[in-house]
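Notes for the structure review
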Amino acid sequence: MDFVNAIKLICVFLLYSSQSECTKRVKQKSVLFVCEKTFECQGVVIVNVFRHLAKAYGLEDVWTCDLAGVGWRFVGSGTNLRNKQYLNKLGIPYEKMYIVRKLKPDDFFKYKFIFGIDTKEMPRIRQAQPANCTAKVASFLSYVPKNVTVTRNNCPDYHNEHLEENYQLAAVACPVLFNKH
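Along each chain, the written sequence defines residue order, and numbers are assigned to residues from 1. Residues qualify for local features only when their pLDDT is at least 70, as the model is predicted, and side-chain atom pairs are given and counted only at 80 or more; totals for whole chains, interfaces and linings, by contrast, use all residues. Computation of side-chain values covers all heavy atoms of the structure but excludes hydrogens and water.

The nonpolar core is taken to be a set of buried Ala, Val, Leu, Ile, Met, Phe, Trp, Tyr and Cys residues, with the residues joined through side-chain atoms within 4.5 Å. We call a residue buried when its accessible area falls under 20% of the maximum for its residue type, exposed when it is over 50%, and partly exposed in between, using a 1.4 Å probe and counting protein chains only. The biggest cluster of nonpolar side chains holds 41 residues, and the ones touching the most others in it are V31, F33, F50, W63, F115, F140 and F178. Where this core is concerned, the elements lending two or more residues are β1 (29-35), α2 (41-56), β2 (63-69), α3 (82-90), β3 (113-116) and α6 (160-180). By size, the runner-up hydrophobic cluster in this structure holds 13 residues, among which are V34, L103, F108 and I114. Segments assigned H or I by DSSP are reported as helices when at least four residues long, segments assigned E as strands when at least two residues long, and all are numbered from the N terminus.

Turning our eyes to something else, we now look at the pattern of salt bridges. Throughout this description, the term salt bridge denotes a Lys or Arg side-chain nitrogen within 4 Å of a carboxyl oxygen of Asp or Glu. Applying the stated rule across the entire model yields one salt bridge. D107 is the salt-bridge partner of R101, the closest N and O atoms lying 2.9 Å from each other. D107 sits in the buried class, given a relative accessible area of 1%.

We now examine the pairing of β1. Extensive coverage of β1 is indicated by the burial of seven of its seven residues. Of the two faces of β1, the one carrying K29, V31, F33 and C35 and the one carrying S30, L32 and V34 are both buried. In this scheme, strands are said to pair when DSSP sees at least two bridges between them. Both β1 and β2 contribute to a ladder of seven bridges, which runs parallel. From the neighbouring strand, K29 faces β2, where its bridge partner is W63.

Note on aromatic pairs: the rings of Phe, Tyr and Trp (six-membered ring only in Trp) are paired at centre separations within 6.5 Å, and the planes decide the class, stacked below 30 degrees, edge-to-face beyond 60, tilted for the rest. Applying the stated criterion across every chain, the model contains twelve aromatic pairs. Here the aromatic rings of F50 and F178 are separated by 5.3 Å at their centres, their planes lie at 65°, and the arrangement is edge-to-face. Here F50 is found in helix α2, whereas its partner F178 is found in helix α6, with 128 residues between them in sequence. The same class applies to F50 and to F178, which are both buried. Residues W63 and F178 carry aromatic rings whose centres are separated by 5.5 Å and whose planes lie at 50° to one another, so their mutual orientation is tilted.

In structure tokens, the structure reads:
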């Protein structure tokens, strides 16, 4: 069984084993995903997979998410269209074209969770984090179960392997997040 099919089975199991518990929660929950380069694949793939899975769980009215970056280089740019092609291939709707924006101090009060997609963003997120912030700040990787391996490497964002890695991360971590909160 390949990795993608294994993830689908895990998602189906979690969906049916906890759907009634998850749908009892009606309070709005918000997530801001933060990555180094929002215009590339990391954030865009993860945000769209997050929304797709929230809808599959019946939680689209409970969970919202958005995307910001810690880098300044691409602020104001549109996202890379390779993301749309990749998500379409998986049958996941590409919800909107993102204009890259930088993480702002008020984000730490606006969102319930702020997740660095990788651990490499965490020092810059922590540096921007106000002392009295209300958001829970963590690495999204912390929601990957210990017995599951999601490959994270430093290949440049323009490689297709990076798109697959981000899909795998979201497919594994989102159901855990939904069940935990």
